[in-house]
Amino acid sequence: MGYGNEIVSSYDGPSYDNQNSYNINTSIYNNTPVANYSGTIANPTLQSFSVTSYEAGLDAKFLKNRLSLDVTYFTSINGPQIFPLPVASSSGYYAQTINGVTTQKNGWEVSLNGAVLKNPNGLNWNVLANFSTYKETLKEIYGGETSIYLAGPDHVFNIGDRLDGYYDYKYLRNSEGKVIYSSNGVPLVPPTGTNNKQLLGNTNPDFVWALNNKFSYKNFNFSFQLDGRVGGVINDRVWAYQANSGTAMESVMGALGDARLKEWQSTALGTKAATPAYVGDGVVVSSGTIKYDGSGNISNNGELTFAPNTKAVTVQSYGQGVYSAFQYGEPYLMSKTYMKLREIVIGYIVPAKFLANNKFIRNASISLIGRNLLYFAERTDFDLDQYGVGYSASNRSTQKDPGLQSATTRRYGINISLTF
């Protein structure tokens, strides 16, 4: 019910979260001691969270075992998970602990291994390729319900929906796909609220892959591994912070960079206010009034007339306006697709004849190792490798953004192996 959370029971026994108890605090009124009763109703019939898994696979070998194929299909049923079911506030509580949500995960794993070259006294080349993919969906809800609100993804899910959806605010666009601007020169603020958040993508990748090549020739060996993920989205929060504060590289490039330079030149070395110079690429409503449906979409696009946006604003106003309107939504969304040159190893095995007269060392080898030498992604300001799991069944949370992320790091090393 939350690893690492310590909640001591009323009789100073084991730590249980599923209990009704009092706690004393002085934070409600004028430091006066107050006893608070649990806001969540305990459930004496609560069951443990269980996982039931099934697998079926094929392991086939060809060409005297020089080529092998391993295919596995798996499915797992997770739950019913422990869930705080909301109750009417008139009851004096806000939730009841139940076994409320069951999810199902289906996926594939494929591994192909081949000896392309095989020569005991010459060049050898082995290739190993891996592929895996899965999807997790909502299977069942407590009481036979067909939909439920989950706080982690901040969305109402129906039976059969994928649970790794990323729902947040999108730009408002006309029927031609152009961004709609307000009269103040920044993109129009979309309607707020959970129901108005749109699906921006899924946080789990479509699939994960890896390709490992190993070469050997007499006492020398060389290997390298490429791997990565394809698909999925994530939010770059540091990029959002940079755009809001004016330190993003994009703010000095292209149209934003040209406008920023003109604005600085208009200040006469900082002695007067800047003249706004940036005009956002989009349209404004020239006739009609926008109406919205229950999901935050424009419902009367055909009744509206649009004209090109001509309102000039400062780069600062634009960057901070987009940040305030969307926070971490569509403007700062990026793909989770990436590829890494994960590892390169160059090794040498000391021939036995050189150790024949040595009484202590029986075998010796040396390797030079480099990791994360190349990294390709839409944005390389943080390491996507750290954020592979988009949805967590244990706490029903969706990984929309990584917070203050860190960049990928190259590493170099030397490995000396001695056998005595």
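Preceding block: the structure.
The present account deals with the structure reproduced in this document. This is a predicted model, so every value here is computed, not measured.

Moving on, we get to the overall build of the chain. Secondary structure summary: the chain contains three helices and 24 strands in total. Over its C-alpha atoms the chain spans a radius of gyration of 29 Å, topping by over 25% the 22 Å that the globule rule assigns to 420 residues. Counting only C-alpha atoms, the chain reaches 90 × 70 × 50 Å along its principal axes. Per-residue burial for the chain yields a buried fraction of 37% across its 420 residues.

What follows is about unusual backbone geometry. Backbone torsion omega between Gly79 and Pro80 reads 10 degrees, so that peptide bond is classified as cis. Of note, Pro80 is situated in strand 5 (residues 67-86). In this structure, Lys218 takes a positive phi of about 55 degrees despite not being glycine. Position of Lys218 among the secondary structure elements: in the loop between strand 12 (207-217) and strand 13 (220-230).

Our focus in this paragraph is the side chain of Asp227. Examined against the element boundaries, Asp227 turns out to sit in strand 13. In terms of polar contacts, Asp227 uses its side chain to reach the side chain of Gln225, at 2.9 Å. Separated by 2.8 Å, the side chains of Asp227 and Arg342 make a polar contact. Leave out the neighbours within four places in its chain, and Asp227 touches Trp209, Ala210, Tyr338, Met339, Lys340 and Arg342.

Bringing the nonpolar core into the picture now. Tyr278, Tyr318, Val322, Phe326 and Tyr332 are the most contacted members of the largest nonpolar core, which has 21 residues in total. Elements with a contribution of two residues or more to this core: helix 1 (237-245), helix 2 (254-266) and helix 3 (315-326). The element that contributes the greatest number of residues to this core is helix 3, accounting for six residues. In this view, Phe326 contacts Asp168, Tyr169, Lys170, Tyr171, Pro187, Leu188, Pro190 and Pro331; residues no more than four positions away in its chain are not counted. Within the second largest apolar cluster, twelve residues are counted, among which are Leu138, Phe157, Leu163 and Tyr391.

What follows covers the pattern of salt bridges. The tally for this structure, following the rule as stated, stands at twelve salt bridges. A salt bridge links Arg379 to Glu250, with the shortest nitrogen-to-oxygen separation between them at 2.8 Å. Of the two residues, Arg379 is situated in the loop between strand 21 (363-377) and strand 22 (391-392) and Glu250 in the loop between helix 1 and helix 2; the sequence distance between them amounts to 129 residues. A relative accessible area of 12% places Arg379 in the buried class. A salt bridge links Lys340 to Asp385, with the shortest nitrogen-to-oxygen separation between them at 3.5 Å. Note that Lys340 is positioned in strand 20 (residues 338-349) and Asp385 in the loop between strand 21 and strand 22, a separation of 45 residues in sequence. Judged by its relative accessible area of 1%, Lys340 falls in the buried class.

Rules behind the numbers
- Residues numbered from 1 in each chain as written.
- Predicted model: local features only at pLDDT ≥ 70, side-chain atom pairs only at ≥ 80, totals over all residues.
- Heavy atoms only, no water.
- Helix = DSSP H or I, 4+ residues; strand = E, 2+ residues; numbered from the N terminus.
- Rg over C-alpha atoms; globule rule 2.2 N^0.38 Å.
- Buried < 20%, exposed > 50% of the residue type's maximum accessible area, 1.4 Å probe, protein only.
- Polar contact = N/O pair within 3.5 Å; in protein donor to acceptor, adjacent residues only side chain to side chain.
- Contact = heavy atoms within 4.5 Å.
- Core = buried A, V, L, I, M, F, W, Y, C linked by side-chain atoms within 4.5 Å.
- Salt bridge = Lys/Arg side-chain N within 4 Å of Asp/Glu carboxyl O.

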